[in-house]
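Spelled out, the chains give:
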Amino acid sequence: MKLSRFLFSFRFAAQGIGTAMKREQNMKVHAGSAVVVVAAGMWTGLDPVEWMLVILLIGGMLALELVNSALERVVDLVTAERHPLAKQAKDMAAGAVLVFAVASAIIGLLIFLPKWF
Ligand SMILES: Nc1ncnc2c1ncn2[C@@H]1O[C@H](COP(=O)(O)OP(=O)(O)OP(=O)(O)O)[C@@H](O)[C@H]1O
């Protein structure tokens, strides 16, 4: 792959992230939460492994929300009609985001609570 093509793929990816940040309310909520968690981590003082976990969870959450938003657009592109499969696809993708968010919240509590109390 030529270098310019490789660099362009980063530009397209950045455009995708920018579009999601502008148009997706949930993406803004996740990004805002990430800022709060990083600030809390700096204030609390985490060890390197804890930081790795926090960064992995924040990155995973944002990445999953991007995939969910992409899937919503593909479904809307495929059909403007109400269709049970369209509902299942969107709801399953939303379910994936929820599963990861709950797991992240539990791990976050396991990291932070013992340091605070
Ligand atoms: N084309 C469709 N056919 C059937 N159900 C759909 C379709 N589009 C959305 N739904 C369902 O309608 C419910 C409400 O969806 P929602 O209001 O979040 O709209 P959305 O299209 O999924 O998302 P957005 O509001 O971001 O466009 C969800 O259960 C979703 O799966």
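This is a predicted model, so every value here is computed, not measured. (Residues numbered from 1 in each chain as written. Predicted model: local features only at pLDDT ≥ 70, side-chain atom pairs only at ≥ 80, totals over all residues. Heavy atoms only, no water.)

**Examining the pattern of salt bridges**
Part 1 of the argument: Inspection of every chain in the model, using the stated rule, returns four salt bridges.
Part 2 of the argument: Residue aspartate 76 is joined to lysine 90 by a salt bridge in which the shortest nitrogen-to-oxygen separation is 2.7 Å. Residue aspartate 76 is found in helix H3 (residues 48–78), and its partner lysine 90 is found in helix H4 (residues 84–116); the two are separated by 14 residues along the sequence.
Part 3 of the argument: The class for aspartate 76 is partly exposed, based on a relative accessible area of 44%.
Part 4 of the argument: Among the ionic pairs, aspartate 91 bridges to lysine 87, the shortest N-O distance being 2.7 Å. Taken together, the residues aspartate 91 and lysine 87, both in helix H4 and four residues apart, mark about one turn of the helix. (Salt bridge = Lys/Arg side-chain N within 4 Å of Asp/Glu carboxyl O. Helix = DSSP H or I, 4+ residues; strand = E, 2+ residues; numbered from the N terminus. Buried < 20%, exposed > 50% of the residue type's maximum accessible area, 1.4 Å probe, protein only.)

**Observations concerning the packing of aromatic side chains**
Part 1 of the argument: Scanning the model with the defined rule gives three aromatic pairs in all.
Part 2 of the argument: Seen in terms of ring centroids, phenylalanine 112 and tryptophan 116 are 5.3 Å apart; in terms of plane orientation they differ by 35°. Their pairing is tilted. Residue phenylalanine 112 and its partner tryptophan 116 are both found in helix H4; the two are separated by four residues, about one turn of the helix. (Phe/Tyr/Trp six-rings, centres within 6.5 Å; stacked < 30°, edge-to-face > 60°.)

**Structural notes on the UniProt feature "binding site: a divalent metal cation" (unreviewed entry) in the protein chain**
Part 1 of the argument: According to UniProt, the positions carrying the feature "binding site: a divalent metal cation" (unreviewed entry) are Glu24 and Glu72. Look at the named residues: they lie 49 residues apart in sequence, but the longest C-alpha span between them is just 11.0 Å, so in the fold they bunch up.
Part 2 of the argument: Position of glutamate 24 among the secondary structure elements: in the loop between helix H1 (3–23) and helix H2 (25–44).
Part 3 of the argument: Owing to a relative accessible area of 14%, glutamate 24 belongs among the buried residues under this scheme.
Part 4 of the argument: What glutamate 24 contacts, discounting residues up to four positions off in sequence, is Thr19, Ser69, Glu72 and Arg73.
Part 5 of the argument: Along the chain, glutamate 72 falls in helix H3.
Part 6 of the argument: Classification of glutamate 72 by relative accessible area gives partly exposed; the value is 25%.
Part 7 of the argument: Every residue in contact with glutamate 72, bar those within four places of it in the chain, is listed here: Glu24 and Lys90. (UniProt positions renumbered as here; feature names shortened; annotations may be inferred. Contact = heavy atoms within 4.5 Å.)

**Overview of the nonpolar core**
Part 1 of the argument: Ranked by size, the top nonpolar core spans six residues in total: Ala34, Leu46, Val54, Ile58, Ile111 and Phe112.
Part 2 of the argument: At the level of elements, H3 and H4 are the ones that each hand at least two residues to this core.
Part 3 of the argument: Residue contacts for isoleucine 58: discarding those within four places in its chain leaves Ala34, Val37 and Val38. (Core = buried A, V, L, I, M, F, W, Y, C linked by side-chain atoms within 4.5 Å.)

**Topic: the site of the ligand**
Part 1 of the argument: Glu72, Glu81, Arg82, His83, Ala86, Lys87, Lys90 and Asp91 make up every residue found near the ligand.
Part 2 of the argument: One of the side-chain N or O atoms of lysine 90 is found 2.5 Å from an oxygen atom in the ligand.
Part 3 of the argument: One of the side-chain nitrogen or oxygen atoms of aspartate 91 is found 2.6 Å away from an oxygen atom of the ligand.
Part 4 of the argument: For the ligand, the protein covers 58% of the area, taking 590 Å² as the surface of the free molecule.
Part 5 of the argument: Split by residue class, the shell around the ligand holds one nonpolar, one polar and six charged. (Near = heavy atom within 4 Å. Polar contact = N/O pair within 3.5 Å; in protein donor to acceptor, adjacent residues only side chain to side chain. Areas by Shrake-Rupley, 256 points an atom, 1.4 Å probe, with all protein chains shown as cover. Nonpolar A, V, L, I, M, F, W, Y, C, P; charged D, E, K, R; others polar.)

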